[in-house]
Amino acid sequence: MSDPLPDITPAPEPFVTEYPFTKAPGADAILRSADGADFYVHRVILSLVSPVFETMFQLPQPDAAPAVPVIDVQETSAVLDRALRFFYPGAYPRAATLEEVQEIIKVLVSKYDVQSVVPVAKQHLEKFCSARPLAVYAIAFQHRWQDVATLAAKESLKLSLRTLNTPAPPELNGMTAIAYHDLLHYHYLCGTAAQRTAYSLLWLDPPRAMVTSPNCVCHSRNHAYTFLNNARYTVPEWFNTYLTSMAGVLTITPGAILRENYNFYVALGQAKCVHCTIYPEFITFVSNEWPAKLAEEMDKIELKF
Ligand SMILES: [Zn+2]
């Protein structure tokens, strides 16, 4: 047997505490991280934001205790540094990833009961809503933060949550069954409402192309829709096909971006009638009128909380 290869992994650089946690006059406690880094802090600041620290500092000290007491904490230096920076004067929050934000919330809110950081923590969570809606929803649900949960749930409407042949998203590991059930319920109601806006155009002012050229050659006698004020007009075959396909898309992904959907480009290719104004009006419909109606309908649906 040959000799094992020597371990050439460099030892991690020791953590160096930076301002405002360096040794300074006035600092009257040391938080020592799990990996041995010393954070000089002011008891009055920690007591002000955290009832847990407040109680800890009120405990009587033994006579032999050093003037600046050392408190061993379970957090590593990196975690402790990020957590303290979330509220400490002279520091500003540093959190690059959602996992870091989640850890900060766990340490500050769940462990040390620092409720004053909740608004800042929510702002940081919201930044990840668009990229990681399920993960943000799970965290918000756990803390009962309805505002952030609602934003994340709304972002989740761009995802299909009903596809059975894809692996479960890893975010589900951090979500209770109840949380996921409530999200699915919201998603389903939004899908149904979105689908309705495709099947019935009673909410839409009839396009000018319908009013000025009600029997244009591009229309199909087989397909008529009732518009706002019960105005009934025939529509082109491709328009009917477009609405029907989109009803299916929106049922599954109610937050789909209409202008980015494949069906839009298919319809565009067929919308160029030289006899009426249907082409520009179709683009306005997909870009403005329909998205506005969908947003209005989604806003009516409340996330159960
Ligand atoms: Zn036409």
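Residues numbered from 1 in each chain as written. Predicted model: local features only at pLDDT ≥ 70, side-chain atom pairs only at ≥ 80, totals over all residues. Heavy atoms only, no water.

As recorded by an unreviewed UniProt entry, the chain carries the name BTB domain-containing protein and is attributed to Mycena alexandri.

Engineer: Please clarify how the pairing of strand β1 (residues 29-32) should be interpreted in this entry.
Structural biologist: Taken residue by residue, a regular strand's side chains alternate between the two faces of the sheet. Bridge analysis of β1 against strand β2 (residues 38-41) gives 4 bridges, and the strand direction is antiparallel. Bridging from a neighbouring strand, A29 pairs with V41 of β2. A loop of 5 residues connects β1 with β2, the two strands running antiparallel in sequence, and G36 in this loop sits at a positive phi of about 90°. Bridging between β1 and strand β3 (residues 70-72) involves 3 bridges; their strand directions are parallel. Within β3, the residue paired with R32 across the bridge is D72. (Pairing = 2+ DSSP bridges. Helix = DSSP H or I, 4+ residues; strand = E, 2+ residues; numbered from the N terminus.)

Engineer: How should I be thinking about empty space enclosed by the protein in this particular structure?
Structural biologist: Taking a probe equal in size to a water molecule and rolling it over the atoms shows the remaining empty space. Counted by the stated rule, this structure contains 1 cavity of 30 Å³ or more. Approximately 70 Å³ is the volume found for the largest cavity. Every residue lining the largest cavity is counted, 15 residues in all, and those nearest its centre are F53, L80, L84, L108 and Y112. At the level of secondary structure, the elements contributing two or more residues to the lining of the largest cavity comprise α1 (43-49), α3 (77-85) and α4 (98-111). Counting residues per element, the lining of the largest cavity draws most heavily on α3, which supplies 3 residues. Tallied by class, the residues present in the lining of the largest cavity amount to 13 nonpolar, 1 polar and 1 charged. (1 Å grid on protein atoms, 1.4 Å probe; cavity = no way out; pocket = protein on both sides within 12 Å on 5 of 7 lines; lining within 4 Å. Points joined across faces, edges and corners; volume = space filled by probe spheres on them. Nonpolar A, V, L, I, M, F, W, Y, C, P; charged D, E, K, R; others polar.)

Engineer: Would you take a moment to explain the coordination of the zinc ion for this structure?
Structural biologist: Each pair of donors in an ideal four-coordinate tetrahedral metal site encloses 109.5 degrees, whereas pairs in an ideal six-coordinate octahedral site enclose 90 or 180 degrees. Coordination of the zinc ion by the protein involves C216 (SG), C218 (SG), C273 (SG) and C276 (SG), with metal-donor separations of 2.3 Å. The site at the zinc ion holds 4 donor atoms, and with the angles between them running 102 to 116°, its shape is tetrahedral. (Donors = N, O, S within 2.8 Å, 3.2 Å for Na, K, Ca; no water. Tetrahedral: all angles 85-135°; square planar, octahedral: opposite > 155°, others 65-115°.)

Engineer: I tried to follow the layout of surface pockets on my own but got confused; where do I start?
Structural biologist: Considering only enclosed or pocket space, the largest pocket measures out at about 330 Å³ in volume. Considering the residues around the largest pocket, the lining is formed by 18 residues, among which K158, P254, G255, A295 and M298 are closest to the centre. Where the lining of the largest pocket is concerned, the elements lending two or more residues are α7 (146-156) and α12 (278-299). The greatest single-element share of the lining of the largest pocket, amounting to 7 residues, is contributed by α12. Class assignment of the residues belonging to the lining of the largest pocket gives a composition of 11 nonpolar, 2 polar and 5 charged.

Engineer: Looking at this structure, I do not really get the nonpolar core. What am I missing?
Structural biologist: Side chains of a nonpolar character, in soluble globular proteins, are inclined to be buried together. Core analysis: the largest hydrophobic core is formed by 98 residues, its most contacted members being L31, F87, Y137, Y242, F282, F285 and W290. Apart from residues no more than four positions distant in its own chain, F285 is found in contact with W203, L204, F239, Y242, L243, W290 and P291. (Core = buried A, V, L, I, M, F, W, Y, C linked by side-chain atoms within 4.5 Å. Buried < 20%, exposed > 50% of the residue type's maximum accessible area, 1.4 Å probe, protein only. Contact = heavy atoms within 4.5 Å.)

Engineer: Explain the side chain of H124 here, please?
Structural biologist: Its place among the elements puts H124 in helix α5 (residues 118-126). When neighbours within four sequence positions are excluded, H124 is seen to be in contact with F86, P93, A95 and V101.

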